[in-house]
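# Structural features, examined
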Amino acid sequence: MKHTGPKIVAGPPGPKVSEALRGAGLSDSDYGSPLVEHAEGIYIEDPDGNVFIDLISGRCVANTGHCHPRVVKAIRDQLNHGFNWQNLEMYRLQRRLGELTGLSPCQIFWSQSGSMVNDFAIKAARRITGRPGIISFTGSYHGSSIGGISLSGYDPSMKRHYGPLIPEINHVPYAACYRCPFKKEPDSCGFACLDYLEDVVFKSYVAPDETAAVFVEPIQGDAGWHVPPQGWHQRLKRICDEHGMLLVVDEVQTAFGRTGKWTALEHWGVQGNIVLLGKAMASGVPISACVLPRSLLESTDPEPIPIHAQSFSATPLGVAATHVTMDVIKDEKLCENSEKTGAYMKKRLVDLMDSQSCIGDVRGLGLLLGVEIVKDREAKTPAPELASRICREAFKRGLFILNMGSYGGRAIRVAPPLIITPEQVDTAVEVLDEAMKAATG
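Read on for a plain summary of the structure. (Residues numbered from 1 in each chain as written. Predicted model: local features only at pLDDT ≥ 70, side-chain atom pairs only at ≥ 80, totals over all residues. Heavy atoms only, no water.)

Two packed helices can be described by the angle between their axes and the distance between those axes. Direction vectors running N to C along helix α3 (residues 69-79) and helix α10 (residues 316-331) enclose 155°, while the axes themselves pass 9 Å from each other. Of the possible angle classes, the one that applies to α3 and α10 is roughly antiparallel. Between α3 and α10 lies a crossing whose hand is right-handed. Facing α3, whose interface residues are Arg70, Val71, Ala74, Ile75, Gln78 and Leu79, α10 presents Pro316, Leu317, Ala320, Ala321, Val324, Thr325, Asp327, Val328 and Asp331. (Axes fitted to C-alpha atoms, helices over the stretch in contact; angles between N-to-C directions. Helix = DSSP H or I, 4+ residues; strand = E, 2+ residues; numbered from the N terminus. Parallel < 35°, antiparallel > 145°, perpendicular 65-115°, else oblique. Left-handed = near helix turned anticlockwise from the far one by under 90°. Contact = heavy atoms within 4.5 Å.)

As structure tokens, this is what we get:
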């Protein structure tokens, strides 16, 4: 399959997909995410022959592109040797991930999803510190398990009718500067959200000496790709250190080159105590990791910890796919491409603001970009319905994008595979421009 751009030949949906939707009790209007007949590079072809540019990398999973030939070969080779239980390569991967996260020598609790490693981290932090409390942030997304939704502050619908949730988890304001809850400007706010944590939260309803950990996304993902200013993560780390709280860094969406570096927190020069990995880790083969320094575990809990074991921990397929994914990112300089092409794409999107008044803000790092959709740019009036219309119009034209957001706003999430070229960026932005014109016309 060699494609040079999107191509719509039937629908979407075409007859094959339409029939499948009806059989599942759905309608044609429910088709907004392409079903895969074949995928390669930045493209997904559906069963009716429609070709889409995947501008969200299968939800930040396909950093190396869909079906990268080296990844496919590694998976096929491993299938011939066994694909269940664990193998020797797991220990080599443990060393590599320890080096990647700065936590070597490390212990890893393996799983298959970001949700589960967030759950693991709650358990580990409480056991290591002997403290019950957890701090997370408004706007955060940490998964859909019971632990994940307890940590998350993304949207009330995540929690409604699922209570009671895990106790002793408190949420505080994040550095979502575009919609600052304190109505401040980032250049002059003095990190009011962290002042609030120290001056209000710790002095009124959360005892820091009973708090095990702070869970943080380096860049808030589902909230709309909110990037904290320089100095924010550094101060948060100092607060954690002063009170003996662990800093748990959720890099599930942001690691493996997505922001132009192997891990996003490198942009701030901050080291987490526990780092969570997943999504793009194995280019689509399910695997995730909760990475902790061995010294942290051994110094606080000499008893072996059997509480994180799972039937499918570090499967040979996941391990093989992770090794080759890391090799591809390094060999093909995908971190560098993410930084360079991401800067080009960000400029193209910023330039689009001249003709598209519905764009309120463009933000992000590398190929992790958010396009805030508004009714009024100056007032920052949210426009969630318009954001959804833009995505539908884009899909009709062969561009797969999503919109999500917290704080009442909605942003189009732009996160293409890290192999994308400037020419492909031009095509994607042109289609997005057409979709915006159609949605606002």
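The next point concerns the sheet that holds strand β2 (residues 43-45). One open sheet holds the four strands; their spatial order is β1-β2-β3-β14, and the pairing between them is mixed. The outermost strands of the open sheet, each flanked by one partner alone, are β1 (38-40) and β14 (399-400). Sheet topology note: the β1/β2 ladder contains three bridges and is antiparallel. Its bridge partner lying in β2, His38 is registered against Glu45. (Pairing = 2+ DSSP bridges.)

Evaluation of the coordinates by the stated rule reveals 17 salt bridges. Among the ionic pairs, Lys237 bridges to Asp241, the shortest N-O distance being 3.2 Å. One end of the pair, Lys237, and the other, Asp241, are both in helix α8 (residues 232-243), four residues apart, so they sit about a helical turn from each other. Taking relative accessible area as the criterion, Lys237 reaches 15% and is therefore assigned buried. The class of Asp241 is partly exposed, set by a relative accessible area of 46%. Note that Glu393 and Arg397 form a salt bridge whose closest N and O atoms lie 2.7 Å from each other. Residue Glu393 is classed as buried on the basis of its relative accessible area of 16%. The network of salt bridges with shared partners includes Arg179, Asp361, Arg363 and Glu372. (Salt bridge = Lys/Arg side-chain N within 4 Å of Asp/Glu carboxyl O. Buried < 20%, exposed > 50% of the residue type's maximum accessible area, 1.4 Å probe, protein only.)

A few words now on the sheet that holds strand β6 (residues 169-172). As summarised here, the arrangement of the seven strands in space is β4-β10-β9-β8-β7-β5-β6, forming an open sheet in which the pairing is mixed. Each having just a single partner strand, β4 (106-111) and β6 make up the two edges of the open sheet. Within this sheet the neighbouring strands show an average axis-to-axis angle of 20°, counted without direction. By the bridge criterion, three bridges tie strand β9 (residues 274-277) to strand β10 (residues 288-293) in an arrangement that is antiparallel. Bridge pairing links Leu277 to Ala289 in β10. Taken strand by strand, helix α4 (residues 89-101) contacts β4, β9 and β10, and its axis lies near 110° from that of β4. With respect to the sheet, α8 is in contact with β5 (133-137), β7 (211-216) and β8 (246-250), its orientation differing from that of β7 by roughly 170°.

With that out of the way, let us pick up the pairing of strand β3 (residues 51-54). Along β3, one buried face is formed by Val51 and Ile53 and the opposite face, lined by Phe52 and Asp54, is buried too. In terms of strand pairing, β2 meets β3 through three bridges, oriented antiparallel. Looking at β3, one finds that Glu45 is bridged to Val51. The loop that links β2 with its antiparallel partner β3 comprises five residues; one of these, Gly49, has a positive phi angle of about 85°. Summarising the sheet, β3 and β14 pair through two bridges and their orientation is parallel. What sits directly across from Ile53, in β14, is Leu399.

This paragraph deals with the side chain of Asn273. Within the secondary structure, Asn273 is located in the loop between β8 and β9. A polar atom in the side chain of Asn273 sits 3.4 Å from the side chain of Lys237. Within the structure, the side chain of Asn273 is placed 2.7 Å from the backbone nitrogen of Leu247, a separation counted as a polar contact. Ignoring sequence-local partners within four residues, the contact set of Asn273 consists of Leu103, Lys237, Met245, Leu246, Leu247, Val291, Leu292, Pro293 and Leu296. (Polar contact = N/O pair within 3.5 Å; in protein donor to acceptor, adjacent residues only side chain to side chain.)

Further remarks concern α3. Those residues of α3 that fall on the buried side of the exposure criterion are Val71, Ala74 and Gln78. The arc enclosing the buried residues of α3, seen along the axis, measures out at 65°, which places them on a common side. Set apart from the buried face of α3 by more than 90 degrees, the exposed residues are Pro69, Lys73 and Arg76. Contacts made by the buried residues of α3 are with α10. (Arc of directions from axis to C-beta.)

The subject of this paragraph is the environment of Tyr407. As for its placement among the helices and strands, Tyr407 is situated in the loop between β15 (402-404) and β16 (410-414). Separated by 252 residues in the primary sequence, Tyr407 and Asp155 have C-alpha atoms spaced 8.5 Å apart. For Tyr407, the residues in contact, after removing those within four places along its chain, are Thr138, Gly139, Tyr174, Ala176, Arg179, Gln220, Ala223 and His226.

Note that all results are geometric; they support no functional claim without further evidence.
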